[in-house]
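Analysis of the macromolecular model
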Amino acid sequence: MFQQHDDSKFKKIIDEFILTSSDNASIKYILRNIDFQAFKLGISFYQMMFILIKKDAIRNRKSQIR
């Protein structure tokens, strides 16, 4: 797993996801909301995505342990 939000491979994966999801209105809405939340927190979009992905990974690990 990636260790930093500014990892070029991480950014490339996020960028590819955005490009391949450009036809999906609900994903566009979610991405805009993520970008807005990142702006409000004063962090980059990539930092916000990194945080959300890490949180999800931790939640998944916890549920597998139970």
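Each chain has its residues counted from 1, following the order in which its sequence is written. Whole-chain, interface and lining totals are the exception, using all residues; otherwise, since this is a predicted model, local features are given only for residues with pLDDT of at least 70 and side-chain atom pairs are given and counted only at 80 or more. Where side-chain values are given, they derive from all heavy atoms of the structure, hydrogens and water being excluded.

**So, the overall build of the protein**
Short version of the rule: In DSSP terms, a helix is any run of H or I states spanning at least four residues, a strand is any run of E spanning at least two, and both are numbered starting from the N terminus. Each residue is placed in one exposure class: buried if its accessible area under a 1.4 Å probe, protein chains only, is under 20% of its type's maximum, exposed if it is over 50%, and partly exposed if it falls in between. Contacts are assigned to residue pairs with any non-hydrogen atoms lying within 4.5 Å of each other. Note on areas: Shrake-Rupley, 1.4 Å probe, and residue coverage restricted to the protein chains presented here. Charged residues are defined narrowly, with Lys and Arg counted positive, Asp and Glu counted negative, and His plus the chain ends left uncounted. Positions of charges follow a simple convention, taking NZ of Lys, CZ of Arg, CG of Asp or CD of Glu.
For the protein, the count of helices and strands is 3 helices and 0 strands. Starting at the N terminus and ending at the C terminus, the protein contains elements arranged as α-α-α. Overall size of the protein, expressed as C-alpha extent along the three principal axes, is 35 × 25 × 25 Å. The buried share of the protein, reckoned over its 66 residues, is 17%. Counted over contacts in the protein with a minimum sequence separation of 6, partners at least 24 positions apart contribute 50%. On the protein, roughly 5,400 Å² of surface is accessible, and the fraction owed to carbon and sulfur atoms is 57%. For the protein, the distance from the average position of its 12 positive side-chain charges to the average position of its 7 negative side-chain charges is 9 Å.

**Comments concerning the nonpolar core**
When a protein is soluble and globular, its nonpolar side chains tend to lie buried together. This is how the line gets drawn: Only buried residues count toward a nonpolar core. Its members are Ala, Val, Leu, Ile, Met, Phe, Trp, Tyr and Cys residues joined through side-chain atoms within 4.5 Å.
One finds Phe-10, Ile-14, Leu-31, Ile-34, Ala-38, Phe-45, Met-48, Met-49 and Phe-50 forming the largest nonpolar core, which totals 9 residues. Contributions of two or more residues to this core are made by α1 (8–20), α2 (25–41) and α3 (45–65). At 4 residues, the largest contribution of residues to this core is made by α3. Setting aside residues up to four positions removed in sequence, Ile-34 forms contacts with Phe-45, Met-48, Met-49 and Leu-52.

**Topic: the packing of aromatic side chains**
Condition: Stacked, tilted and edge-to-face are the three classes assigned to paired rings of Phe, Tyr and Trp, where Trp is represented by its six-membered ring and a pair needs centres within 6.5 Å; plane angles under 30 degrees give stacked, over 60 edge-to-face, the rest tilted. A ring is scored as having a charge over it whenever the NZ atom of a lysine or the CZ atom of an arginine sits within 6 Å of its centre and within 35 degrees of its normal.
The full count for this structure, using the stated rule, is 2 aromatic pairs. Relative to Phe-50, the ring of Phe-10 has its centre 5.4 Å away and its plane inclined at 85°; by these criteria the two rings are edge-to-face. Taken together, the residues span a long stretch of sequence, with Phe-10 in helix α1 and Phe-50 in helix α3 at a distance of 40 residues. Judged by relative accessible area, Phe-50 falls into the buried class, the value being 14%. On the numbers, 6.0 Å between centres and 75° between planes, the contact of Phe-45 with Tyr-46 is edge-to-face. Residue class for Tyr-46 comes out partly exposed when judged on its relative accessible area of 21%. Note that Lys-11 overlies the ring of Tyr-46, its terminal NZ or CZ placed 5.2 Å from the centroid.

**Some words on the confidence of the model for the protein**
Keep this limit in mind: The predictor attaches a confidence to each residue, called pLDDT, with possible values from 0 through 100.
Model confidence for the protein is summarised by a mean pLDDT of 89, while 92% of its residues fall at 70 or above. In the model of the protein, α3 stands out as the element of lowest mean pLDDT, 90, in contrast to α2, which has the highest, 96.

**With respect to α3**
What counts here: Here the expected span of a helix is defined as 1.5 Å times the quantity of residues minus one.
With 21 residues, α3 extends 31 Å from end C-alpha to end C-alpha; this agrees with the ideal 30 Å at 1.5 Å per step. Within the sequence span of α3, burial applies to Phe-45, Met-48, Met-49, Phe-50 and Ala-57. Those residues of α3 hidden inside the fold are in contact with α1 and α2.

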